[in-house]
Amino acid sequence: KIPAGVYYIDSTITIPENSGVNIVGEGHTKSILWAKTDISIIALSGNNYRGKIDGLRFANNQGKLVGCAIRIESSGNQINVANCWINNLKYGIYCSPSSDSNFQNNTFEYVQTPIYIGGDGSGYFDISHNTFYNVGPVSLGAGVFDPTFYIEGVTCLMLHHNRITNDTAPSVQ
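From a predicted model like this one, the values you see are computed outputs, not experimental measurements. (Residues numbered from 1 in each chain as written. Predicted model: local features only at pLDDT ≥ 70, side-chain atom pairs only at ≥ 80, totals over all residues. Heavy atoms only, no water.)

Asks: How do you make sense of the sheet that holds strand β18 (residues 154-160) when you look at a structure like this?
Replies: Spatially, the six strands line up as an open sheet ordered β3-β6-β10-β13-β15-β18, and their pairing is parallel. The sheet is open, and its two borders are formed by β3 (22-24) and β18, each paired with just one other strand. On average, adjacent strands in this sheet sit at an angle of 5° to one another, irrespective of strand direction. Note: strand β10 (residues 80-82) against strand β13 (residues 101-104), three bridges, orientation parallel. Each bridged residue has a counterpart across the sheet, and for N80 the counterpart in β13 is N102. (Pairing = 2+ DSSP bridges. Helix = DSSP H or I, 4+ residues; strand = E, 2+ residues; numbered from the N terminus. Axes fitted to C-alpha atoms, helices over the stretch in contact; angles between N-to-C directions.)

Asks: I would appreciate a short explanation of the environment of L44 in the present structure.
Replies: In this fold, L44 is placed in strand β5 (residues 40-44). Judged by relative accessible area, L44 falls into the buried class, the value being 4%. Other than its neighbours up to four places away in sequence, L44 contacts I15, I53, I70, R71, I72, E73 and I79. (Buried < 20%, exposed > 50% of the residue type's maximum accessible area, 1.4 Å probe, protein only. Contact = heavy atoms within 4.5 Å.)

Asks: I keep staring at the packing of aromatic side chains and nothing clicks. Help me out?
Replies: Each aromatic ring pair is described using two quantities: the centre-to-centre distance and the angle formed by the ring planes. Using the criterion set out here, one finds eight aromatic pairs in the structure. For the pair Y116 and Y150, a centre-to-centre distance of 4.5 Å together with 10° between the ring planes defines the contact as stacked. Taken together, the residues Y116 in strand β14 (residues 107-117) and Y150 in strand β17 (residues 150-151) connect sequence positions 34 residues apart. Residue classification places Y116 among the buried residues on the basis of a relative accessible area of 17%. Taken together, a centroid distance of 5.0 Å and an interplanar angle of 85° make the contact between F132 and F149 edge-to-face. Taken together, the residues F132 in strand β16 (residues 131-133) and F149 in the loop between β16 and β17 connect sequence positions 17 residues apart. A residue is classified by how much of its surface remains accessible, and F132, at 2% relative accessible area, is buried. In this structure an aromatic cluster arises from ring pairing among Y91, Y94, Y116 and Y150. (Phe/Tyr/Trp six-rings, centres within 6.5 Å; stacked < 30°, edge-to-face > 60°.)

Asks: Is there a simple way to think about the nonpolar core in this case?
Replies: The tendency in soluble globular proteins is for nonpolar side chains to be buried as a group. Counting residues in each nonpolar core, the largest one holds 32 residues, and the members touching the most others are I42, I53, F58, I70, I93 and F103. Where this core is concerned, the elements lending two or more residues are β4 (31-35), β5, β8 (68-72), β11 (85-95), β14 and β15 (122-128). Apart from residues no more than four positions distant in its own chain, I70 is found in contact with I42, L44, I53, F58, V81, G92, I93 and Y94. (Core = buried A, V, L, I, M, F, W, Y, C linked by side-chain atoms within 4.5 Å.)

Asks: Mind showing me how you'd approach the confidence of the model for the protein chain here?
Replies: Low-pLDDT stretches of the model should not have their predicted coordinates read in fine detail. Per-chain confidence: the protein chain averages 85 in pLDDT, with 88% of residues scoring 70 or above. Confidence drops under pLDDT 50 across residues 139-145; counting only partners more than four residues distant or on other chains, this segment forms 12 contacts. (pLDDT = per-residue confidence, 0-100.)

Structure, rendered in structure tokens:
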């Protein structure tokens, strides 16, 4: 469990293979992982399964969209990312390839590519009940609305009850 607070991250937190680790914060406005450099904040190495990332905020304030909140590397599966707030990053959740994962009840704000699923062998994904504010290849604060998702090689994709908008998000500092 990650207690409330702001944690400045300067190198990737790598979760080893076969760990099935759960990373749970006290809520997306309380437990904040702040990237100090152009990194993936959390990386799940190959063959991770049944892991949960819940109740965290992933942020970067470099003045440009760089870095990644969560990188699920080859063979990561049954990963549940829920109740997170991801903002000011180039990638939100980056999977290459992985499978059988759920991304639910998250907020993406000023993220160039909120969800990237690439490579052959990507299986079942449920992407639901997320909110996407001002996402796409835009600079921070730009009013351009161009959501960008990359999804390739997926066996089954359930994409439902998501909201994509260029409204101003209710930012909490």
